[in-house]
Amino acid sequence: MSPRSASVNEELRRRSRERLLQATVELVAEHGYEATTLGAIADRAGSARGLISYYFSGKRELFQSAVHRLMHLTLAAALERAPLPEEPGSGEETLALAIDAIMGLARDHPVLMRAHMAGILQQEGFVQCDEQRRLAALLRTAVARYGSPDPDRDYPLLRANLMGSVVAALLPGAPMPLERLRGELFTRYGLAWDRGTPPEGPGERADGASSAALIRQLGRVTPYGQEPRSKP
């Protein structure tokens, strides 16, 4: 039998790593972060236990990479629905889709996102990985298409706003409604409520209040003391 080529070996390593990442999000969603062991992850992925040490320095890096992969795949799928750059309003729609994709993870995967944010805020801090870099590139693209004159400066602000919203939505004992948080961000960036994927329907919040009224209310106190971006 001929030895495998370098490209085949690389593809096998990529698939093995992705199986570990997928197994991690599945098990943490089912059992929580603390109750999920590296051995269980390896078993779910059908991999040898030693492969985890080959790819990752430990459980925290594996978990953060797994969540960043989920975030990247979710955002990529959302932005596939974005209009072409030359279409009117495409930049606002792209940014709205990006915001809804990330905030939707707090609704759809609360156990994962709460554990992810807790890990970032604890001693381990923020882990740089390939999945995080791909996620960052997509968010930067959304900011650039929105019309930012300096995406490298404005992308970190968008990231901070999204992280703050996810934390607020998942805060134990005092969570904020996602609709209110979405309204805050949409007002900050001058986006109409019916952009992206509204949570209930065009122009409606979960409690039935009109989005126009919400935007007017939130617009009285714009974050950072800035005026919302005017619509074209």
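Residues numbered from 1 in each chain as written. Predicted model: local features only at pLDDT ≥ 70, side-chain atom pairs only at ≥ 80, totals over all residues. Heavy atoms only, no water.

### Here we look at the overall build of the protein
Moving on, step 1. Regarding its fold elements, the protein presents 10 helices and zero strands.
Moving on, step 2. Counting over 232 residues, the protein shows a buried share of 45%.
Moving on, step 3. Looking at the protein alone, contacts between residues at least 24 apart form 66% of all its contacts between residues at least 6 apart. (Helix = DSSP H or I, 4+ residues; strand = E, 2+ residues; numbered from the N terminus. Buried < 20%, exposed > 50% of the residue type's maximum accessible area, 1.4 Å probe, protein only. Contact = heavy atoms within 4.5 Å.)

### Examining the packing of aromatic side chains
Each aromatic ring pair is specified by the distance between its two centres and by the angle formed by the two planes.
Moving on, step 1. This model, assessed by the stated rule, comprises four aromatic pairs.
Moving on, step 2. Residues Tyr-33 and Phe-63 carry aromatic rings whose centres are separated by 5.2 Å and whose planes lie at 50 degrees to one another, so their mutual orientation is tilted. You can see Tyr-33 sitting in the loop between α1 (6–31) and α2 (38–45) and its partner Phe-63 sitting in helix α4 (residues 59–79), a full 30 residues away along the chain. Accessibility assignment for this pair places Tyr-33 and Phe-63 in one class, buried. (Phe/Tyr/Trp six-rings, centres within 6.5 Å; stacked < 30°, edge-to-face > 60°.)

### Notes on a nonpolar patch on the surface
Moving on, step 1. Side chains of Leu-121, Val-167 and Leu-171 sit close together on the surface and give an oily, nonpolar patch of about 270 Å² of accessible area.
Moving on, step 2. In this fold, Val-167 is placed in helix α8 (residues 151–170). (Patch = residues over 30% accessible without salt bridge, like charges linked within 9 Å, V, L, I, M, F, W, Y side chains within 5 Å. Areas by Shrake-Rupley, 256 points an atom, 1.4 Å probe, with all protein chains shown as cover. Salt bridge = Lys/Arg side-chain N within 4 Å of Asp/Glu carboxyl O.)

### Remarks on the environment of Met-103
Moving on, step 1. Position of Met-103 relative to the elements: it lies in helix α5 (residues 90–108).
Moving on, step 2. Beyond its immediate sequence surroundings of up to four residues, Met-103 is in contact with Leu-162, Ser-165, Leu-178, Leu-181, Arg-182 and Leu-185.

### Section: α8
Moving on, step 1. For α8, built from 20 residues, the straight-helix expectation of 28 Å at 1.5 Å per residue is met to within 8% by its first-to-last C-alpha distance of 28 Å.
Moving on, step 2. Listed in full, the buried residues belonging to α8 are Pro-151, Asp-154, Tyr-155, Leu-158, Asn-161, Leu-162, Ser-165, Val-166, Ala-168, Ala-169 and Leu-170.
Moving on, step 3. In this structure, the buried side of α8 is in contact with α5, α6 (110–121), α7 (130–146) and α9 (178–188). (Expected span 1.5 Å × (residues − 1).)

### Remarks on the pattern of salt bridges
Moving on, step 1. In total, this model carries 15 salt bridges according to the counting rule given.
Moving on, step 2. One salt bridge in this structure joins Glu-131 and Arg-134, with 3.4 Å as the shortest N-O distance. Of this pair, Glu-131 and Arg-134 both sit in helix α7, three residues apart, roughly one helical turn.
Moving on, step 3. Under the relative-accessibility criterion, Glu-131 is labelled buried at 3%.
Moving on, step 4. For Arg-134, a relative accessible area of 40% puts it in the partly exposed group.
Moving on, step 5. For Arg-153, the salt bridge identified is with Asp-154, shortest N-O distance 2.9 Å.
Moving on, step 6. Judged by relative accessible area, which is 53%, Arg-153 ranks as exposed.
Moving on, step 7. Judged by its relative accessible area of 18%, Asp-154 falls in the buried class.
Moving on, step 8. Through salt bridges with shared partners, one network takes in Glu-11, Arg-14, Arg-15 and Glu-18.

### Some points on α2
Owing to its 3.6 residues per turn, the α-helix aligns residues three or four sequence positions apart on the same side.
Moving on, step 1. Among all positions in α2, only Leu-38, Ile-41, Ala-42 and Ala-45 are buried. The buried residues of α2 occupy one face: seen down the axis, they fall within an arc of 95 degrees.
Moving on, step 2. Tucked into the core, α2 has its buried residues touching α1, α3 (49–55) and α4. (Arc of directions from axis to C-beta.)

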